[in-house]
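Here is what each chain is made of, one letter per residue.
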Amino acid sequence: MSKATDEVLNLHQQSLREINSRLRKATAGHFVVTDPHGAHAVAVGITGDITVEIMGSVGYYAAGMHQRGTVTVHGNAGTGIGENIMSGTVRVIGSATMSAGATGCGGLLVIEGNAGARCGISMKGVDVVVGGNIGHMGAFMAQAGTLVVLGDADHHLGDSIYEANVFVRGSVASLGADCVEAEMRPGDLEHLEMLLSRAGLQAEVGDFRRYGSARRLYNFSVDDIDAELRDAGLRDAELRRGSGCGIIDGTKQGSGDDPGADDPEPAHDRKNLSSKYLGIGDDWHHRESHTFDRNVISEIQRAANTGIYRIRGFGAKRRLPTLDDLVFLGASMSRYPLEGYREDCGTDVTIGEGKAERPVYLRIPITIAGMSFGSLSAQAKEALGRGANAAGTSTTTGDGGMTPEERKHSSILVYQYLPSRYGMNPDDIRKADAIEVVVGQGAKPGGGGMLLGQKVSERVAAMRTLPEGVDQRSACRHPDWTGPDDLQIKILELREIVDWQVPIYIKVGAARPYYDTALAVKAGADAIVVDGMQGGTAATQEVFIEHVGVPTIAAIGESVRALKELGVHREVKLIAAGGIRSGADVAKALALGADAVSIGTAALIAIGDNSPHFAEQYRVIGSAAGYWEDYQAGTDPAGITTQDPELSRHLDPVIGGRRLANYLQVLTLELQTLARANGKSHVHNLEPEDLAALTVEAAAMAKVPIAGTSWIPGVIS
Amino acid sequence: MCGIVGLFLKTAKYRSDLGRLTASMLHEMRARGPDSAGFAIYDDRTEELNRVTVLAEGHQPDWSVTAVELQRVLQETVEVRPLRDHAVFETAGDGRRARQWLIDNLDDVDVLSFGKRIELYKAVGDPDRVASDYDLASRTGTHAVAHTRMATESAVTTNGSHPFLTGADTCLVHNGSLSNHNQLRERLVRCGESFQTDNDSEVAAGYLAWRLREGDTLNEALRGSLVDLDGFYTFAVGTEDGFAVLRDPIACKPAVIAETDDWVAMSSEYRAIATLPDLADAEVFEPEPARVYTWSLVA
């Protein structure tokens, strides 16, 4: 196959980076890559109309994020061949292992032999043709595109499939949830014929069966017994005799075995009788249970009515140990304070020095956390960008990809790389100033993203390759890696695709921060974002928000301990997040060892969330300014957590941006005030020794002594 | 989180190269496990001797004194081959008794393996250095399993390194992360197993040891682990005359198998297999989830 014009690239003689860089910069030509021997991330991020022949077997992610050209692997391929392919062709002459064509958005992937587990997982438009068999969970959560299998498919084919099509010639061991065999539609056979022809594989189209979505999982199944009974025209009295519990016409009803239901005596008479014979005052009848308080009772009634867990936004609402339980000692005689305004107190932080060609430089150690367009309105994203720009800090995309507007309005933009890979594409990733690989989120460590149908508008749906109006439930694990041993290969691929230009962060929910931080370092991250359980969300199960993860105050020290043990504290940067509200919170997080913090909910409040300006509108939708938490509902009067064009107009992005800039300025001034008061000329010189704890729990979690003592519970000195 | 490799030589063709081939596979798994490494080697000597591998981490005691004492107890000749902080005791006497005596009578010494054919070495540090320190490349034999470790939740120690012994001539290497090992460890302790670390993989090994002791075949014990072990795992298991591979039902952790008429190789990544001879003739495939693969020297 060697032609006179071939350029031969040898993986023994040249580095992977040199070879990938050569291929990425080529706009035309024929290249032969020799001696791959299972190497990872070979020929990734190609953009030119070139042909590449890889003469042997490759490891993970060969031809990852491929565009336009043709890559042929003359051998077998490891995990994630052609992952997130956009266009062009990738061909494997042998077999492929797991996650072939994962999240592919377009183009053609041909595997002449067999493909392993999760072939075509979360595919978003790619066509995948497999000459042999595929492993289990083929086309898992497949959104669009076509998977053609000439051989057999193993168990759970098409589990949670969306609008992708699957054609299988051989047997199917079992179908996954919501996947059904479907009729061939007009055009299906022609499409199949065309794909087989493009793949160069021979098969009779009449031998294939088609599988697709039953669309039964597109939206949550929500019961509403109360509405049913109301519709049946039953009276309240009748309801109470049945199992009637729940909220009916806004009035909370008693439980079904209300002893007064058949009592002819009016309620006020019963009360008097109780007082008279039992010696109990009126208050006895209004005594709230601590175990079953009004919120608990209301939630049980809601659950009994709907049969679905409560989904909401915001963060944890119950009382949790916070940074408020720490105080700074300040300076006096043994330490000398700095003068405000006159004596400098630095606030800058640089992320990614060493590995990235373009490290991220932030003027203040406060970043804006990842929040997607989709969960937020375009106006809100713009306001966040404007505010962050004014303050000299970064904003972050979210689970849905990058919009041109947010790129335009954010000078420093961090691109989130999430399990769903919604909207993920190599062009946008190359426009980013940093990449944040999201493993988890403080509000829901171990859970995936969620966006309810009312916010999956036409534009949001198109960006995510989803049907409009579905209740989107994102994957909780990445489709093509699990664990740090695989993550270090994924990071290599990402670095190759962006030519080692920008830093790579890893974001984890505060689950086991000591281990997660150590593993993120071992996997090669430039920065670690640890998001405590107070971290907010646009939508997830309430049980997740309130019951999973550890509070931020407990997480920071554990991450720092891991960084120090590995000798990389202050080198690999730590960004703490989750319930940061004030300059005091920022200063305390830094004193505990973080290099920066990230804010989400606080930033939304700054731009107008829960504003009293919309008091009446909040009341109309059953809430009140200061209480609004239903970010999932899409009915936000402040125009922030909505996709409704009318509501979105309630937010002026310029004004919102100014408000955020002011807020960030206050956080910074407060941070500097505290740092100067402790004698620091740079906020990064704050340290745990500058702190004292007010409660035993804060002392134990933050590993800071209780005020007035040198005692840290649990630490043997 | 780790890299694992296994090489099982069905014919005599490459048995003199077992160590060299295993070392080259291990070398390719360094990035997956920079913290520590270990290997178990099953040699092809024909003498019917029992062997016990011991580790005195960080020091090199005078093993000849121990050998003399053990000889007195067993009433059989005992030879000892020290190698850095490891040593292999060999005797025609009762192997289990030798193992128990070494456990009971030596302080600060861990018994890593016992059996007729297995020798097991492990140490903290760069996998290549571990292979060279313990002379892996020069070893001959029928099969080997080896491991490179990136510690997740348990400490980076020699004891936490794989392979883990699961009984006479049987050991296990693991890539993944179990989620019910703490309660399973308690159950196994009640069943008489003992554990030296808080490592999840040691619990998997202890589970297999318990099942094998209760009379399960290796195949049955591995199938049992599909029911009793929760979480993510790819296992490679060596036995006196066999080799097995198992992935959990979800099968997120990678595994590749290659097989020719002469050998079977398994690894976390293909690059380890790419180092092997006659690869062009090999059938290369990804093992299916929840399926026990076994190979045996016994027809």
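Below you will find a few notes about this structure. Keep in mind that this is a model prediction, so the values were computed, not measured.

What about the overall build of chain A?
Step number 1: Summing up its helical and strand segments, chain A has 20 helices and 29 strands in all.
Step number 2: Taken over C-alpha atoms, the radius of gyration comes to 29 Å for chain A, in line with the 27 Å a tight globule of 717 residues would show.
Step number 3: When its C-alpha atoms are laid out on the principal axes, chain A stretches across 100 × 75 × 50 Å.
Step number 4: Among the 717 residues that make up chain A, the fraction classed as buried is 59%.
Step number 5: Here chain A displays about 28600 Å² of accessible surface, and carbon together with sulfur accounts for 52% of that area.

Topic: the packing of helix α7 (residues 378-391) of chain A against helix α19 (residues 653-677) of chain A
All names here are of chain A.
Step number 1: Packing of α7 against α19 leaves a shortest axis separation of 7 Å and a crossing angle of 40 degrees. Classified by the interaxial angle, the pair formed by α7 and α19 is oblique. Where α7 crosses over α19, the two elements pack in a sense that is right-handed. Residues Gln-379, Glu-382, Ala-383, Leu-384, Arg-386, Gly-387, Ala-388, Ala-390 and Ala-391 of α7 form the contact with α19, whose own contacting residues are Pro-653, Val-654, Gly-656, Gly-657, Leu-660, Ala-661 and Leu-664.
Step number 2: Here the contact of α7 with α19 is composed, by residue class, of 10 nonpolar, four polar and two charged.

Re the state of the cysteines
Step number 1: Applying the stated criterion to the full structure yields zero disulfides over all chains.
Step number 2: A:Cys119 takes part in no disulfide bond, and the closest cysteine sulfur, belonging to A:Cys179, lies 14 Å away.
Step number 3: Between B:Cys2, a cysteine without a disulfide, and B:Cys171, which holds the nearest cysteine sulfur, the sulfur-to-sulfur distance is 14 Å.
Step number 4: Residue B:Cys2 is classed as buried on the basis of its relative accessible area of 3%.

Looking at the interface of chain A and chain B
By a frequent convention, interface size equals the accessible area lost on bringing the separate parts together.
Step number 1: In this assembly, 26 residues from chain A lie in contact with 29 residues from chain B.
Step number 2: Between chain A and chain B, a total of about 2200 Å² is buried, with carbon and sulfur atoms accounting for 54% of that surface.
Step number 3: When the shortest N-O distance is used, the salt bridge between B:Arg32 and A:Asp485 registers 3.3 Å.
Step number 4: Viewed at the interface, chain B and chain A are joined by 18 residue pairs in polar contact (both at pLDDT 80 or more).
Step number 5: Those elements that place two or more of their residues in the side of chain A that touches chain B are α11 (484-497) and α12 (513-523) of chain A.
Step number 6: Per-element accounting of the side of chain A that touches chain B gives the leading share, five residues, to α11(A).
Step number 7: Considering only residue class, the side of chain A that touches chain B consists of eight nonpolar, 11 polar and seven charged.

Comments concerning the sheet that holds strand β8 (residues 144-149) of chain A
Residues and elements named next belong to chain A.
Step number 1: Strand order in the open sheet formed by 11 strands is β1-β2-β3-β4-β5-β6-β7-β8-β9-β11-β10, with mixed pairing between adjacent strands. Each of the sheet's edge strands pairs with one partner strand only, and the pair in question is β1 (7-10) and β10 (179-182). For this sheet the average axis-to-axis angle between neighbouring strands, irrespective of direction, equals 15 degrees.
Step number 2: Pairing of strand β6 (residues 108-111) with strand β7 (residues 124-130), which is carried by four bridges, proceeds in the parallel orientation. Looking at the pairing, Leu-108 lines up with Asp-127 of β7.

Notes on a nonpolar patch on the surface
Residues and elements named next belong to chain A.
Step number 1: Among the surface-exposed residues, Phe-292, Ile-297 and Ile-300 lie close enough to one another that they form a single nonpolar patch of about 280 Å² accessible area.
Step number 2: Secondary-structure assignment places Ile-297 in helix α6 (residues 294-306).
Step number 3: Looking at Ile-297, the relative accessible area reads 38%, which means it is partly exposed.

Concerning the nonpolar core
Residue and element names in this part refer to chain A.
Step number 1: Within the largest apolar cluster, 142 residues are counted, with the highest numbers of intra-cluster contacts made by Leu-23, Ile-81, Leu-147, Leu-326, Ile-429 and Ile-599.
Step number 2: Among the elements that take part in this core, α19 stands out by supplying six residues, more than any other.
Step number 3: With residues near it in sequence (within four places) discarded, Ile-599 still touches Ile-366, Thr-367, Ile-368, Ala-369, Met-371, Ile-580, Tyr-663, Leu-664 and Leu-667.

Remarks on the pairing of strand β6 (residues 110-115) of chain B
All names here are of chain B.
Step number 1: The buried fraction of β6 is high, at six of six residues.
Step number 2: Looking at chain direction, strand β3 (residues 50-55) and β6 are connected through five bridges and run antiparallel. If you follow Thr-53 over to β6, its bridge partner there is Ser-113.

A look at the packing of aromatic side chains
Here the distance between the centres and the angle between the planes together describe a pair of aromatic rings.
Step number 1: For the structure on display, the rule yields 15 aromatic pairs over all chains.
Step number 2: Centroid distance A:Tyr60 to A:Tyr61: 5.3 Å. Interplanar angle 85 degrees. Geometry classified as edge-to-face.
Step number 3: The buried category is assigned to A:Tyr61, whose relative accessible area is 0%.
Step number 4: Here A:Tyr514 and A:Tyr515 contribute two aromatic rings whose centre-to-centre distance is 5.3 Å and whose plane-to-plane angle is 65 degrees, an arrangement assigned as edge-to-face.
Step number 5: By relative accessible area, A:Tyr515 is classed as partly exposed at 26%.
Step number 6: Among the aromatic side chains, those forming a connected cluster through ring pairs are B:Phe8, B:Phe243, B:Phe285, B:Tyr293 and B:Trp295.
Step number 7: The ring of A:Phe314 carries A:Lys317 above its face, with NZ or CZ at 5.4 Å from the centroid.

Criteria and cut-off values
- Residues numbered from 1 in each chain as written.
- Chains lettered and ligands numbered in written order.
- Predicted model: local features only at pLDDT ≥ 70, side-chain atom pairs only at ≥ 80, totals over all residues.
- Heavy atoms only, no water.
- Helix = DSSP H or I, 4+ residues; strand = E, 2+ residues; numbered from the N terminus.
- Rg over C-alpha atoms; globule rule 2.2 N^0.38 Å.
- Buried < 20%, exposed > 50% of the residue type's maximum accessible area, 1.4 Å probe, protein only.
- Areas by Shrake-Rupley, 256 points an atom, 1.4 Å probe, with all protein chains shown as cover.
- Axes fitted to C-alpha atoms, helices over the stretch in contact; angles between N-to-C directions.
- Parallel < 35°, antiparallel > 145°, perpendicular 65-115°, else oblique.
- Left-handed = near helix turned anticlockwise from the far one by under 90°.
- Contact = heavy atoms within 4.5 Å.
- Nonpolar A, V, L, I, M, F, W, Y, C, P; charged D, E, K, R; others polar.
- Disulfide = S-S within 2.5 Å.
- Buried area = accessible area lost by both parts, 1.4 Å probe.
- Salt bridge = Lys/Arg side-chain N within 4 Å of Asp/Glu carboxyl O.
- Polar contact = N/O pair within 3.5 Å; in protein donor to acceptor, adjacent residues only side chain to side chain.
- Pairing = 2+ DSSP bridges.
- Patch = residues over 30% accessible without salt bridge, like charges linked within 9 Å, V, L, I, M, F, W, Y side chains within 5 Å.
- Core = buried A, V, L, I, M, F, W, Y, C linked by side-chain atoms within 4.5 Å.
- Phe/Tyr/Trp six-rings, centres within 6.5 Å; stacked < 30°, edge-to-face > 60°.
- Lys NZ or Arg CZ within 6 Å of the ring centre and 35° of its normal.

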